[in-house]
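What the coordinates show
Here is what each chain is made of, one letter per residue.
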Amino acid sequence: MYARSTTINAAPASIDAGVAQVRDEVMPMLMGMDGCTGLSMLVDRESGRCITTSAWQSEEAMRATDEELQPVRERIAAELGGSPMVQEWEIAVLHRDHRSVAGACVRATWVKVDPANLDRAIDVYKLASLPRLEDLAGFCSASLLVDRASGRAVSSVTYDSKETLDGSREAAASMRASTAKDAGAEMLDVGEFELAIAHLRVPELT
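All of these numbers come straight from a predicted model, not from anything done at the bench.

A closer look at the overall build of the protein chain
If you tally the helices and strands in the protein chain, you get six helices and eight strands. Taken along the three principal axes of its C-alpha coordinates, the protein chain extends 40 × 35 × 30 Å. Counting the 206 residues in the protein chain, one finds 49% classified as buried. If you sum the accessible surface of the protein chain, you get close to 9,600 Å²; carbon and sulfur atoms cover 50% of it. When the 21 basic and 32 acidic side-chain charges of the protein chain are each reduced to a single mean position, those positions are 3 Å apart.

What to know about the environment of L30
Mapping L30 onto the fold places it in helix α1 (residues 15-31). Given the relative accessible area of 5%, L30 is considered buried. Sequence separation of L30 and A173 is 143 residues, and the distance between their C-alpha atoms is 35 Å. With sequence-adjacent residues up to four places away left out, L30 is seen in contact with C36, L39, S54, W56 and L69.

Here we look at a negative patch on the surface
There is a patch of like negative charges on the surface, built from D97, E134, D135 and E204. By the element assignment, E134 lies in helix α4 (residues 118-134). Owing to a relative accessible area of 37%, E134 belongs among the partly exposed residues under this scheme.

Topic: the pairing of strand β1 (residues 2-9)
Counting buried positions along β1 yields six of eight residues, so the element is predominantly enclosed. Pairing of β1 with strand β3 (residues 49-56), which is carried by eight bridges, proceeds in the antiparallel orientation. The residue bridging T6 from the neighbouring strand is T52, located in β3. Two strands pair when backbone bridges link them, and β1 and strand β4 (residues 84-96) are joined in this way by seven bridges, in the antiparallel orientation. When the bridges of β4 are listed, S5 appears paired with Q87.

Quick notes on the rules
Residues numbered from 1 in each chain as written. Predicted model: local features only at pLDDT ≥ 70, side-chain atom pairs only at ≥ 80, totals over all residues. Heavy atoms only, no water. Helix = DSSP H or I, 4+ residues; strand = E, 2+ residues; numbered from the N terminus. Buried < 20%, exposed > 50% of the residue type's maximum accessible area, 1.4 Å probe, protein only. Areas by Shrake-Rupley, 256 points an atom, 1.4 Å probe, with all protein chains shown as cover. Lys, Arg positive; Asp, Glu negative; His and termini not counted. Charge placed at Lys NZ, Arg CZ, Asp CG, Glu CD. Contact = heavy atoms within 4.5 Å. Patch = residues over 30% accessible without salt bridge, like charges linked within 9 Å, V, L, I, M, F, W, Y side chains within 5 Å. Salt bridge = Lys/Arg side-chain N within 4 Å of Asp/Glu carboxyl O. Pairing = 2+ DSSP bridges.

Pasting the structure below:
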C-alpha cells in the first residue's frame, strides 16, 4: 500500500472551509479513482499546517492519478491560502486498536535514517514502539510511512481525544528518544493535530 500526502500551511481562518471542501468535493472524487482506498486530513489550528493523505493499493495507481489531481491540489491550496507540498510514501506499518471517534487527535513524528538501514528501523518500530504505544491511555492506531529512496519516514499515532493526546506527551517523548537511538534515526519534526477527516481505509500492516 502507498500514500500521497499534501501539506499546506494555511491561513488559520480558512481551515474550516478547506476541511469542508476536502470532505465534500475531493474525497468523493478520490474514492471514485481506481486504486484509492481512502483519505484523511490533519489540521493544526494554531500554526495552520494541514496535511491531507490519500491511500492507494499500489504505487502505479497512485502515480497514475498525479497529473489529474494537480489542479485539485491547487484549488484546495487557494481555499486554504497556502502552497501545496506533495510527498509520496510506502505504507510500511498500520496497526489499529479501534477506529477513531469524533475529537480524535494525532501526533506525527518525522525522522530520517540511512536508507540502507530503513528495514531495521521499520523492525524497531514494529517490535519496540508499537507494544509500548498500545499501553498508552486513549491509543487508537499507529502508522509508519517511509520513503525508501531518501530514508525519510513519518509515524502518526492517533489518540481518542485531545486529553489523551496531552496525557501521552511525556511518555511519547521518552519513546521517541529511545526508538530514534535504536533505529539510528535523526529526528526532524514533531506535530500535534486534530483528525479532521478520518477515512483512511488501510488494512492491518504489521
